[in-house]
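Geometric and topological summary
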Amino acid sequence: MQEVLDRVENLVHPETQVREHGIDLTVSAIHEVAGQGRIDFGGDELEEADLEPHDLTRRNPDDEYQWWHLDAGTYVLQYNELVTGDEHARLLLQPRNKLMARGASHPTVTVGAHLPLVPLTVGGAGIEIKENARVSTVVPVEAGPSVGGDDADDAVDADIVE
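For the structure given in this document, a descriptive report is provided here. (Residues numbered from 1 in each chain as written. Predicted model: local features only at pLDDT ≥ 70, side-chain atom pairs only at ≥ 80, totals over all residues. Heavy atoms only, no water.)

**Let's talk about the overall build of the protein**
For the record, the criterion: Numbering of helices and strands runs from the N terminus, with a helix taken as a DSSP run of H or I at least four residues long and a strand as a DSSP run of E at least two residues long. Burial classes follow relative accessibility: with a 1.4 Å probe on protein chains only, a residue under 20% of its type's maximum area counts as buried, one over 50% as exposed, and anything between as partly exposed. Accessible surface area values rest on a Shrake-Rupley calculation with a 1.4 Å probe, where residue burial reflects the displayed protein chains alone.
For the protein, the count of helices and strands is three helices and 15 strands. Per-residue burial for the protein yields a buried fraction of 36% across its 162 residues. Split by element, the accessible area of the protein, about 9400 Å² in all, is 49% carbon and sulfur.

Structural data, given as structure tokens:
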């Protein structure tokens with residue numbers, strides 16, 4: 001666990017985010033894909049997609065933090081936290097069970113020297129996500145998600161290999 005802690009910077013609230021099996025990551029921005037990107041075999045024609053920030057709204061005028069109201073579709077997540085270190089020292093980035101249980105998810109990916117932007121898929125009736133919500137967890141690559149149990153959001157199975 002110390003290897004993960006040593007590589008994740010800019011935690012919003014370490015006392016809440018650092019858990020026994022990994023570190024929860026918080027959302028800093030959600031983007032909509034406004035224009036197509038391009039990918040080719042050799043990389044000579046690689047072009048970034050155009051991303052636009054999704055609007056935030058306040059539930060109450062006195063609220064300190066705002067909410068993203070997301071309809072069903074695909075968005076792009078950006079995190080508050082940074083991952084540093086060796087490109088060859090991999091970590092596993094996975095969606096939190098609390099996110100998946102509410103009809104949204106993102107792919108589980110290995111992370112090297114930096115956190116990528118991550119596609120977020122929202123199904124059904126949509127979802128509301130508050131600024132700085134904990135939506136993902138980064139764990140050592142040997143650990144991975146577990147489903148079920150009384151406290152499934154905190155459960156981790158070992159032996160997942162990349």
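Now, onward.
**As for a nonpolar patch on the surface**
Formally: Within this analysis, patches are made of residues with over 30% relative accessible area and no salt bridge. Like charges are joined at 9 Å or less; nonpolar side chains (Val, Leu, Ile, Met, Phe, Trp, Tyr) at 5 Å or less. One speaks of a salt bridge when a side-chain nitrogen belonging to Lys or Arg is within 4 Å of a carboxyl oxygen belonging to Asp or Glu.
A contiguous nonpolar patch, built from V33, L51 and L117 and spanning about 230 Å² of accessible area, is present on the exposed surface. In this structure, L51 sits in strand 3 (residues 50–53). When its relative accessible area of 32% is taken as the criterion, L51 is described as partly exposed.

**A short note on the packing of aromatic side chains**
For clarity, the cut-off: Stacked, tilted and edge-to-face are the three classes applied to pairs of Phe, Tyr and Trp rings, where Trp contributes its six-membered ring and a pair requires centres within 6.5 Å; stacked means planes under 30 degrees apart, edge-to-face means over 60, and tilted covers the rest. When the NZ atom of lysine or the CZ atom of arginine is within 6 Å of a ring's centre and also within 35 degrees of its normal, the charge is said to sit over that ring.
Within the structure shown, the criterion is met by zero aromatic pairs. It is R59 that lies over the ring of W67; its NZ or CZ is 4.1 Å from the centre.

**Regarding the environment of K130**
Heads up, the condition is: Contact definition: two residues touch when any of their heavy atoms are within 4.5 Å.
For K130, the location among the structural elements is in strand 12 (residues 127–130). Spatially, the C-alpha atoms of K130 and Y65 are 7.0 Å apart, while their sequence positions differ by 65 residues. Not counting residues up to four positions away in its chain, the partners in contact with K130 are V27, Y65, Q66, W67 and W68.

**Details of the nonpolar core**
Within soluble globular proteins, side chains that are nonpolar generally end up buried alongside one another. Worth spelling out the cut-off: The criterion is simple. A nonpolar core is a set of buried Ala, Val, Leu, Ile, Met, Phe, Trp, Tyr and Cys residues joined through side-chain atoms within 4.5 Å.
Counting residues in hydrophobic clusters, the biggest one holds 25 residues, and the most contacted among them are L25, I30, L70, L77, Y79, L120 and I129. Elements supplying a minimum of two residues to this core: strand 2 (23–35), strand 5 (67–70), strand 6 (73–79), strand 8 (91–95), strand 11 (118–122), strand 12 and strand 13 (134–140). Broken down by element, the residue count for this core peaks at four residues, all from strand 2. Discounting chain neighbours no more than four positions away, the residues touching L70 are I30, H54, Y75, L120, V122, G126, I127 and I129.

**Quick look at the pattern of salt bridges**
Counted under the stated rule, the structure contains six salt bridges. Salt bridges here are not isolated pairs; linked through shared partners, they connect R19, D24, R96 and R134.

**Observations regarding the sheet that holds strand 12**
Note the threshold: DSSP bridges decide pairing: two strands pair if at least two such bridges lie between them.
Read from one edge of the open sheet, three strands run 4-5-12, paired in antiparallel fashion. Here the strands that pair on one side only, and so sit at the sheet edges, are strand 4 (56–57) and strand 12. Across two bridges, the pairing between strand 4 and strand 5 is antiparallel. When the bridges of strand 5 are listed, L56 appears paired with W68.

**Section: the environment of Q17**
This is how the line gets drawn: Pairs of N or O atoms within 3.5 Å make up the polar contacts considered here, provided that, within protein, one atom can donate a hydrogen while the other can accept it, and that residues adjacent in sequence are counted only when both atoms are side-chain atoms.
With respect to the secondary-structure elements, Q17 resides in helix 2 (residues 14–17). With 120 residues separating them along the chain, Q17 and T137 place their C-alpha atoms 8.8 Å apart. Those residues in contact with Q17 that lie beyond four places of it in its chain are L11, V12, G22, I23, D24, L25, T26, E81 and R134. Among the polar contacts made by the side chain of Q17, one reaches the main-chain amide nitrogen of H13 at a distance of 2.7 Å. Polar contacts involving the side chain of Q17 include one to the side chain of E81, which spans 2.9 Å.

**Here's the deal with the pairing of strand 11**
Judged by which residues are buried, strand 11 turns out to be one-sided: V118, L120 and V122 face inward and are buried, whereas P119 and T121, on the alternate face, are not. Alignment of strand 6 against strand 11, held across five bridges, turns out to be antiparallel. Bridging across to strand 11, Y75 finds its partner in L120.

Nothing here speaks to function; it is all geometry.
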